[in-house]
Amino acid sequence: MSNTLTTSPVISGGLDDGNSILSIWVESFGAALATRDDASLADLFRKDGTFRELLALSWDFRNAVGRDAVVDLLVSPDTTAPPQIGVRAGAPTFRDSDDRGETLSTFLQFKTATGAGEGYVELVLGEDDVWQASTVLLSLDSLDAYPEQVGSLRPAGRVHGPVPNRVGWNDQLDHEFEDKDPAVVIIGAGHNGLMVAARLRALGIPSLIIENNDRVGDNWRNRYASLALHTPVVADQLPYLPFPATWTRFTPKDKLGDFLESYATLLDLSVWTGSRVENVARDDQDGTWTLDVVRSDGGHRTLTPRHVVFATGINGAPNRPDFPGQKEFHGDVIHAVDYQGHAPYVGKRAIVVGTGVSGHDIAQDLAEHGIDVTMIQRSGTVVLNADTFHKVMHATHTSGRYTLDQGDLINAATPFGLLPSFGAAQLAQARELDHETLDGLTAAGFELSEGPDGQGVLGLIFGQNATGYYYNAGASDLIIDGTIKLARGGVTGFTESGVTLDSGETLDADLVVFATGYQPPTDSARKVFGDEIADRLGQFADVADDGEYGRLWRDCGIDGLWMMIALSIEHGRFYSKHLALQIAAAETNAARD
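Residues numbered from 1 in each chain as written. Predicted model: local features only at pLDDT ≥ 70, side-chain atom pairs only at ≥ 80, totals over all residues. Heavy atoms only, no water.

S.K.: Sorry if this is basic, but what is going on with empty space enclosed by the protein here?
M.R.: In this approach a probe as big as a water molecule rolls over the atoms, and the regions it shows empty are the leftover space. Applying the stated criterion to the full structure yields two cavities of 30 Å³ or more. In this model, the largest cavity occupies a volume close to 60 Å³. Lining the largest cavity are D141, S142, L143, Y146, E148, R199, L203, Y240, K577, A580 and L581. Per-class residue counts for the lining of the largest cavity are six nonpolar, one polar and four charged. (1 Å grid on protein atoms, 1.4 Å probe; cavity = no way out; pocket = protein on both sides within 12 Å on 5 of 7 lines; lining within 4 Å. Points joined across faces, edges and corners; volume = space filled by probe spheres on them. Nonpolar A, V, L, I, M, F, W, Y, C, P; charged D, E, K, R; others polar.)

Set out below in structure tokens:
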């Protein structure tokens, strides 16, 4: 096996830093890929090795789990080998060890016929002293025809020297698109819509965001005062404009709303606020969409973009239960999305139905202001302390070992469909760190869950496309000390003064909050695009059989329609680039057949 890498080159050649081993492996991989040498490719991967490519060897997102599947993908007719591939210049080499043995990892760079990319590789030294790949990622990063306008390619702002009939910067922007329609219309100015608009602007592709709210960021501002992100700030950076070094560790909702509004302004993004889209239709003959925009002043504008990006968020309409006797209840009944804070309920009694993230947050907000609050738990919940959540689920970004971009590449190397298999080990680590909190919750009568097949949060999110977890930011402590009361069971109906449970218990309250989740984004897509397109899209935002995240961020099966939805800012930051590159490729007919 000529391409097998053993420890002998290290011993005989005096190579002791791992760089040469990685370089030899990458060189051998590039050669075997170019010649479709299945035997050599098999030698280069572990039996349980994985490979993932994002627009790098085909014009799609593809992955393979297991050596045989990896080889089949790499030698398939749909795979185009890159003409150049190597270790990224100046990339660090990481030497570690785990239960598999000694490991080496680094970052890659490659060229394609139309652009350039980056990647990640991890090698493991097996029991037979052979270095083989456990993980490889190749991800397209740029297109030659649409270079990113950053660094030395950034816009001038003002051209020096005399310019007849000079036009000011703001006039050049043409946010109203008076001269011609945008190439891309983006529906939704949340962080996902803004990030893909920023990516497109950096590529020189004109886009317009349509936002229903009166201001960018209102989707955060209009929620209850205590709301803040649970994710670590280091993982929440947006492209091109990172948070200041003084930014809060957890971003409060109003700060995030203001930042998003500033982001749109500072990056010169075109946003029509207070507007909505109607009558969306596709003209396959000329390759354009037609859509009517109702502006904030009641005016109408018909646009014909070549691309439409759907970016209204992961949640559809709220699930609003309707129980017998609900209309006779003398108090307030709201969904979590409508909760505006504790102030109207001081001195009163509240019930929160549901023990996911929103249910805990709302119960904590009420309890912290002295309100008598009871949470109704219908089924077990996976609980991690917030710091533990960061350590076990955001380690690549919080460890300080990797840059933001490096952490993104490492995380992207694992196919979404494979993530649940890491859940049990992650859950065990979290339970060891959080045993005091978890023991306290059990003693208080709170039902804990291990998630599907013991796979914790990863099993819920990426295995069942479900919720049922909480990252403890204080509510668990209040449950343990009894400040937040607990009741178990399902609501069966209302009385004039409260709710009844299937256990027969009756609870009195002045406020009932249903933290009962949301419809999938397919619900929102159906309202925008109609039944025909929605039926063709199907369940586009679930982890699919191919191990990818449905039809998000890639070809969704409908020409010119793109789904920019992400569970987190981290995913939005990373995959917004791939979506923008695909639009750029379509604009130049650069997409490979």
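Moving on from the model shown.
S.K.: Which parts of the structure should I look at to understand the pattern of salt bridges?
M.R.: Think of it this way: side chains of opposite charge can pair up when their charged atoms draw near. This model, assessed by the stated rule, comprises 32 salt bridges. Here D144 makes a salt bridge to K111, at a shortest N to O gap of 3.5 Å. Residue D144 is found in the loop between β8 (130-143) and α5 (169-173), and its partner K111 is found in strand β6 (residues 101-111); the two are separated by 33 residues along the sequence. With relative accessibility at 29%, the residue K111 sits in the partly exposed group. (Salt bridge = Lys/Arg side-chain N within 4 Å of Asp/Glu carboxyl O. Helix = DSSP H or I, 4+ residues; strand = E, 2+ residues; numbered from the N terminus. Buried < 20%, exposed > 50% of the residue type's maximum accessible area, 1.4 Å probe, protein only.)

S.K.: Which parts of the structure should I look at to understand the packing of helix α6 (residues 191-202) against helix α8 (residues 253-266)?
M.R.: Between two packed helices, what matters for the description is the angle formed by their axes and the separation of those axes. Between α6 and α8, the shortest axis-to-axis distance is 11 Å and the interhelical angle comes to 20°. Comparing their axes, α8 and α6 come out roughly parallel. Between α6 and α8 lies a crossing whose hand is left-handed. Where α6 abuts α8, its residues H191, L194, M195 and A198 lie against L260, Y263 and A264. By residue class, the composition of the contact of α6 with α8 is six nonpolar, one polar and no charged. (Axes fitted to C-alpha atoms, helices over the stretch in contact; angles between N-to-C directions. Parallel < 35°, antiparallel > 145°, perpendicular 65-115°, else oblique. Left-handed = near helix turned anticlockwise from the far one by under 90°. Contact = heavy atoms within 4.5 Å.)

S.K.: Sorry, what's going on with helix α4 (residues 67-74) here?
M.R.: Helical geometry: 3.6 residues make up each α-helical turn, so side chains three or four residues apart lie on a common side. Those residues of α4 that sit buried are V70, V71, L73 and L74. Relative to the axis of α4, the buried residues are bounded by an arc of 160° and lie together on one face. Residues D68 and D72 are exposed on α4 and point more than 90 degrees away from its buried face. On the buried face of α4, the contacting elements are α2 (19-35), α3 (38-44), β2 (45-54) and β3 (61-65). (Arc of directions from axis to C-beta.)

S.K.: Would you mind going over the packing of aromatic side chains with me for this structure?
M.R.: Aromatic ring pairs are defined here through the distance separating the ring centres and the angle between the ring planes. All chains considered together, the criterion is met by 29 aromatic pairs. Ring geometry for W25 and F45: centres 5.9 Å apart, planes at 75°, overall edge-to-face. Taken together, the residues W25 in helix α2 and F45 in strand β2 connect sequence positions 20 residues apart. Of the two residues examined, W25 and F45, each falls in the buried class. (Phe/Tyr/Trp six-rings, centres within 6.5 Å; stacked < 30°, edge-to-face > 60°.)

S.K.: How should the environment of G530 be read in this particular structure?
M.R.: Counting through the fold element by element, G530 comes out in the loop between α17 (521-529) and α18 (531-537). Taking the C-alpha atoms as reference points, G530 and A281, 249 residues apart in sequence, are found 9.0 Å from one another.

S.K.: Please explain the sheet that holds strand β12 (residues 276-283) as it appears in this structure.
M.R.: Within a sheet, each strand pairs with its neighbour through backbone hydrogen bonds, oriented either parallel or antiparallel. Pairing within the open sheet is antiparallel, and its three strands lie in the order β12-β13-β14. One side of each edge strand has no neighbouring strand; the edge strands of this open sheet are β12 and β14 (300-303). The average angle at which neighbouring strand axes cross in this sheet is 15°, direction not considered. Bridging between strand β13 (residues 288-294) and β14 involves four bridges; their strand directions are antiparallel. Within the sheet, the bridge partner assigned to V294 lies in β14 and is H300. (Pairing = 2+ DSSP bridges.)

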